[in-house]
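# Chain and residue survey
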Amino acid sequence: NLWKIYKAVEKLGAYELVTGRRLWKNVYDELGGSPGSTSAATCTRRHYERWDRAGAGEGSSRRVPQFPPARR
């Protein structure tokens, strides 16, 4: 879920900090990922980057994922 990835990255201090401190495994763990997955951090980072690049074109502001629908 892209919203959950976005919130986990923001909670840890945003993309630059998560990448600089190599915290993508922490992001994956926070999402409830399997501890045995060796490429999970890289896959999580790539999903985030794919979303970020899609909304960060020249002259456009970064798109924040939409809130999940409210449950009733």
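Now for a look at the structure at hand.

What counts, and where the lines are drawn
Residues numbered from 1 in each chain as written. Predicted model: local features only at pLDDT ≥ 70, side-chain atom pairs only at ≥ 80, totals over all residues. Heavy atoms only, no water. Salt bridge = Lys/Arg side-chain N within 4 Å of Asp/Glu carboxyl O. Helix = DSSP H or I, 4+ residues; strand = E, 2+ residues; numbered from the N terminus. Buried < 20%, exposed > 50% of the residue type's maximum accessible area, 1.4 Å probe, protein only. Core = buried A, V, L, I, M, F, W, Y, C linked by side-chain atoms within 4.5 Å. Contact = heavy atoms within 4.5 Å. Polar contact = N/O pair within 3.5 Å; in protein donor to acceptor, adjacent residues only side chain to side chain. Phe/Tyr/Trp six-rings, centres within 6.5 Å; stacked < 30°, edge-to-face > 60°.

One pass over the structure, following the stated rule, counts three salt bridges. Here Asp-29 and Lys-25 are joined by a salt bridge, their closest N and O atoms 2.8 Å apart. Of the two residues, Asp-29 and Lys-25 are both situated in helix α3 (residues 24-30); the distance of four residues between them amounts to about one turn of the helix. Judged by its relative accessible area of 40%, Asp-29 is partly exposed. Look at Lys-25 and you get partly exposed, because its relative accessible area is 32%.

Trp-3, Ile-5, Tyr-6, Ala-8, Val-9, Val-18, Leu-23, Trp-24, Val-27, Ala-41, Tyr-48 and Trp-51 form the largest nonpolar core, which has twelve residues in total. Element by element, the count of residues in this core is highest for helix α1 (residues 2-11), at five residues. Setting aside its immediate chain neighbours within four residues, Val-18 contacts Val-9, Leu-12, Leu-23, Trp-24 and Val-27.

Bringing unusual backbone geometry into the picture now. Of note in this structure, Ala-14 is not a glycine but carries a positive phi near 90°. Looking at the secondary structure, you find Ala-14 in the loop between α1 and α2 (15-20). If you check the backbone angles, Arg-22 has positive phi at about 55° while not being a glycine. Among the secondary structure elements, Arg-22 is positioned in the loop between α2 and α3.

With that settled, consider the side chain of Thr-44. Along the chain, Thr-44 falls in helix α4 (residues 40-55). Judged by its relative accessible area of 5%, Thr-44 is buried. In terms of polar contacts, Thr-44 uses its side chain to reach the backbone carbonyl oxygen of Ala-40, at 2.8 Å.

Scanning all chains against the criterion turns up six aromatic pairs. Between Trp-24 and Tyr-48, the ring centres sit 5.6 Å apart and the planes meet at 55°, which makes this aromatic pair tilted. With Trp-24 in helix α3 and Tyr-48 in helix α4, this pair connects stretches of sequence that are 24 residues apart. An identical accessibility class is assigned to Trp-24 and Tyr-48; each is buried. Members of the aromatic cluster, joined through ring pairs, are Trp-3, Tyr-6, Tyr-15, Trp-24, Tyr-48 and Trp-51.

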